[in-house]
Amino acid sequence: MQFHQNGFRTGDPNVKEAAVAPMPRDTLPAEVDVLIVGCGPAGLTLAAQLAAFPDIRTCIVDQKPGPLELGQADGVACRTMEMFNAFGFAEQVLREAYWVNETTFWKPDPANRRNITRSGWVQDTEDGLSEFPHVILNQARVHDMYLDLMRNAPTRLEPFYERKLVEVTVDRAMAGEDGAFPVTARFDHNGGAETVRARYVVGCDGARSTVRKSIGLELKGDSANQAWGVIDVLAVTDFPDIRFKSLIQSADAGSIVIIPREGGHLVRLYIEMDELAAGERVAGRKITSDDVLDAARRILHPHTLDVKEIAWWSVYEIGQRLSDRFDDVTEAERGTRRPRIFIAGDACHTHSPKAGQGMNVSMQDAFNLGWKLAAVLRGQARAELLDTYSSERQTIARELIDFDREWASILSAPVKSETNPDGIDPAETQAYFVRHGRYTAGTATHYGPSLLTLAGSEQQLAAGFAIGTRFHSAPVIRLADGKPMHLGHAAKADGRWRIYAFADEGDPMEEGVIRRLCAFLAESADSPVRRFTASGADIDSVIDMRAVFQQRHRELAIGRMPGFLMPETGRLGLRDYEKMFCADPANDIFDLRGIDRLRGCMVVVRPDQYVAAVLPLDAHAELSAFFAGFMSAPA
């Protein structure tokens, strides 16, 4: 964590210096750059990103009377924890959450099929997949952490509550103008009307999204005609795996997924209920909490479940639905005008809860969109960058829905037996869970070649940093102070691009390819750093370069390293000593990620932590051409 760049300040460094006056709280602002509708996981992720930029006027509204107190979602994937670390609150989540270390599997007991017996036990996440675990934490606590981050940001951003969106319209005549506010949103506030004009509107307003309907889109898909109950309980039981994530398949009473919750006592049960007729809604069954618990006890037999308190419960239908696109530009219009309205999260895709994807994928939607909006609004990128949001995230949502549909069908299928030879063998359930672990961990996302993913770049130089996937962090030693840390933790959710230069085998204190790269980036008229950084701004404010050396940190003299890797920063022109790292002898990043030791390489990483390109260290022209494909020089 870096602070004091602009002078010494006492107090909590998480509370940033206020850069603008807070918005008046009595009424919505008349004009904003970005209007976010909905304070769910997607909306707050987006708001937290944009709150960091004082030059972007952001407003977030919700129809609820106040912040969420009890969330429905609770699973936080490894990939989401990596994102939380960039926002600065991963450690708080780790401290409060339940860690999913192992998963157990239960099947009908062959000796007495009315009973269940443990059939398997697996590690929840494969070794080396992420430095963070899969954890469980109430969604409302995640919201609290985002809200704290927003309040402490330079903009002091806070939501406006009790505003129900009535309609959103776009003035097409103004939609192509850079400085225009072409989108108008009308709200009902306690019977009164309020109107906001915006450059961009993002609908994070859930499965019944008014924003989505306003741009003529709908969620398409179907229901599996299967009812499930979900219930959070404080209970006494003799079931031995109550504090493990457990998947239980009974002979004929259905299935349960047990998710232990934070705090050491609370547990969530997902319980298979009734099959529904085609077109039937679960509400028509009038299922009660007693019905849900009775079903759980039948599945857990011969174990007992004595519920002392119910914290929350609900019933739902399994269904997967997806919107055709995630913005207001039709395929016929694509390339002729920029999108002005976007949808994210449940507004554009819905899943069953059991794969734990809904909240995680929603936040990744917003993380993808936020930096793109910031770059366009701040004049750092051309407007066509915004087209990549829908193309990237709709493809990923479709893949995850296909996985979710298959997983949900496995959990709802009858167990294989002599009388039902076509059923699912519990061993198959366990094997499927292990085989698709990267989906549930959130690390399976792979963006294809595009404006932001350089096709034909030299993947063989860094086999472990697959182009289009998230930057897979690994341990390093910081050169300036010998601190062991993860390389990926140097990057924050601040909208900056990263270039990680992995040095060749030469001596970086002498003339060589790393010094030539630094000289090019610092001095050349073709340098993307020089070309796209505003005069007077910190040299790393748009593109931040970090270097990793093969030598041990005590073998290098920091005073003989390239000056570009110790840039001046802030109002006082202080040196930034945190750009250089060395391989950790215990876990060498060059070996862990398959980096070519002879040649080294550059790994170009997007602001949302995805690998955009792998290039040779001397590929100066290719690096410049990549950034020139979408970025804008400052006016």
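Residues numbered from 1 in each chain as written. Predicted model: local features only at pLDDT ≥ 70, side-chain atom pairs only at ≥ 80, totals over all residues. Heavy atoms only, no water.

### Some points on the overall build of the protein
Stage number 1. Counting its secondary structure elements, the protein contains 14 helices and 26 strands.
Stage number 2. Relative to the globule expectation of 26 Å for 635 residues, the C-alpha radius of gyration of the protein, 26 Å, shows essentially globular dimensions.
Stage number 3. A principal-axis box enclosing the C-alpha atoms of the protein has dimensions of 75 × 60 × 50 Å.
Stage number 4. Evaluated residue by residue, the protein yields a buried proportion of 57% over its 635 residues.
Stage number 5. If you take every contact in the protein between residues at least 6 apart in sequence, the share linking residues at least 24 apart comes to 73%.
Stage number 6. In the structure as shown, the protein presents an accessible area of about 25,800 Å², 49% of it carried by carbon and sulfur atoms. (Helix = DSSP H or I, 4+ residues; strand = E, 2+ residues; numbered from the N terminus. Rg over C-alpha atoms; globule rule 2.2 N^0.38 Å. Buried < 20%, exposed > 50% of the residue type's maximum accessible area, 1.4 Å probe, protein only. Contact = heavy atoms within 4.5 Å. Areas by Shrake-Rupley, 256 points an atom, 1.4 Å probe, with all protein chains shown as cover.)

### Observations concerning unusual backbone geometry
Stage number 1. Note the cis peptide between His301 and Pro302, where omega equals 20°.
Stage number 2. Relative to the assigned elements, Pro302 resides in the loop between helix H6 (289-300) and strand E15 (305-322).
Stage number 3. The phi angle at Arg156 is positive, at roughly 50°, despite the residue not being glycine.
Stage number 4. For Arg156, the location among the structural elements is in the loop between helix H4 (139-151) and strand E8 (164-170).
Stage number 5. Here Arg156 falls in the partly exposed class, since its relative accessible area comes to 24%.

### Things to note about the packing of helix H8 (residues 387-412) against helix H9 (residues 426-435)
Stage number 1. Where H8 contacts H9, the two axes come as close as 10 Å, and the packing angle between them is 155°. In terms of orientation, H8 and H9 fall into the roughly antiparallel class. With respect to the hand of their crossing, H8 and H9 are arranged in left-handed fashion. Where H8 approaches H9, its residues Phe403, Glu406, Trp407, Ile410 and Leu411 are matched on the opposing element by Thr429, Tyr432 and Phe433. (Axes fitted to C-alpha atoms, helices over the stretch in contact; angles between N-to-C directions. Parallel < 35°, antiparallel > 145°, perpendicular 65-115°, else oblique. Left-handed = near helix turned anticlockwise from the far one by under 90°.)

### Some words on the pattern of salt bridges
Stage number 1. Inspection of every chain in the model, using the stated rule, returns 52 salt bridges.
Stage number 2. In this structure, the salt-bridge partner of Glu158 is Arg151, at a minimum N-O distance of 3.8 Å.
Stage number 3. Close ionic contact of Asp232 with Arg261 constitutes a salt bridge, the shortest N to O distance being 2.9 Å. Of this pair, Asp232 sits in strand E11 (residues 220-237) while Arg261 sits in the loop between strand E13 (255-260) and strand E14 (267-275); the two residues are 29 residues apart in sequence, bridging distant segments of the chain.
Stage number 4. By relative accessible area, which is 2% here, Arg261 ends up buried.
Stage number 5. Residues participating in the shared-partner salt-bridge network are Asp494, Arg496, Arg498, Asp540, Asp544, Arg546, Asp576 and Lys579. (Salt bridge = Lys/Arg side-chain N within 4 Å of Asp/Glu carboxyl O.)

### A closer look at the sheet that holds strand E3 (residues 75-76)
Stage number 1. Ordered by their spatial adjacency, three strands build an open sheet running E3-E7-E4, and the pairing between neighbours is antiparallel. Edge strands, defined here as strands with exactly one partner in the open sheet, are E3 and strand E4 (98-100).
Stage number 2. Here three bridges tie E4 to strand E7 (residues 134-136), and the two strands are oriented antiparallel to one another. The residue bridging Trp99 from the neighbouring strand is Val135, located in E7. (Pairing = 2+ DSSP bridges.)

### Examining helix H1 (residues 41-50)
Stage number 1. Most of H1 sits inside the fold, with ten of its ten residues counted as buried.
Stage number 2. Within H1, burial applies to Pro41, Ala42, Gly43, Leu44, Thr45, Leu46, Ala47, Ala48, Gln49 and Leu50.

### Digging into the sheet that holds strand E24 (residues 580-583)
Stage number 1. Pairing is mixed across the open sheet formed by seven strands, whose spatial order is E19-E18-E24-E21-E20-E25-E26. This sheet does not close on itself; its edge strands, each paired only once, are strand E19 (484-486) and strand E26 (611-615). The average undirected angle you get between the axes of adjacent strands in this sheet is 30°.
Stage number 2. Relative to E24, strand E21 (residues 543-549) runs parallel, the two being bridged by three bridges. Bridging across to E24, Ala547 finds its partner in Met580.
Stage number 3. Across the sheet, helix H11 (residues 513-523) is in contact with strand E20 (497-502), E21 and strand E25 (601-605); its angle to E21 comes to roughly 170°.

### Description of the packing of aromatic side chains
Stage number 1. Following the criterion strictly, the structure yields 24 aromatic pairs and no others.
Stage number 2. Put simply, the rings of Phe84, Phe87, Phe89, Tyr146 and Phe367 touch in pairs and so form one group of aromatic residues.
Stage number 3. Across the ring face of Phe181, the terminal group of Arg199 is positioned such that the distance to the ring centre comes to 4.2 Å.
Stage number 4. The ring of Tyr200 carries the charged tip of Arg340 above its face, separated from the ring centre by 4.9 Å. (Phe/Tyr/Trp six-rings, centres within 6.5 Å; stacked < 30°, edge-to-face > 60°. Lys NZ or Arg CZ within 6 Å of the ring centre and 35° of its normal.)

### A look at the packing of helix H2 (residues 78-87) against H4
Stage number 1. Running from N to C, H2 and H4 cross one another at 25°; their axes reach a closest spacing of 12 Å. One element, H2, and the other, H4, form an angle in the roughly parallel class. In this structure, H2 crosses over H4, and the sense of that crossing is left-handed. In this structure, H2 uses Met83, Phe84 and Phe87 to contact H4, whose residues at the interface are Val142, Tyr146 and Leu149.
Stage number 2. Across the contact of H2 with H4, the residue classes break down as six nonpolar, no polar and no charged. (Nonpolar A, V, L, I, M, F, W, Y, C, P; charged D, E, K, R; others polar.)

### Digging into the nonpolar core
Stage number 1. Among the nonpolar cores identified, the biggest contains 123 residues, and Leu35, Phe84, Tyr146, Trp497, Phe549 and Phe627 are the most heavily contacted of them.
Stage number 2. Ranked by the residues each element gives to this core, the list is headed by helix H7 (residues 358-377), at ten residues.
Stage number 3. When sequence neighbours within four positions are dropped, the list of residues in contact with Leu35 reads Cys59, Val61, Ala185, Phe187, Val196, Ala198, Tyr200, Val201 and Val202.
Stage number 4. Ranked by size, the runner-up nonpolar core spans 24 residues in total, among them Phe465, Phe471, Ala491 and Cys601. (Core = buried A, V, L, I, M, F, W, Y, C linked by side-chain atoms within 4.5 Å.)

### As for the pairing of strand E18 (residues 475-478)
Stage number 1. Side chains Pro475 and Ile477 of E18 all project onto a buried face; the interleaved residues Val476 and Arg478 project onto the opposite face, where all are buried too.
Stage number 2. In terms of strand pairing, E18 meets E19 through three bridges, oriented antiparallel. The residue bridging Pro475 from the neighbouring strand is His486, located in E19.
Stage number 3. Between E18 and E19, which pair antiparallel one after the other, the connecting turn spans five residues, and Gly482 there sits at a positive phi close to 70°.

### Notes on the side chain of Gln430
Stage number 1. Structurally, the position occupied by Gln430 is in helix H9.
Stage number 2. In contact with Gln430, other than residues within four places in its own chain, are Phe105, Ser119, Gly120, Trp121 and Val122.

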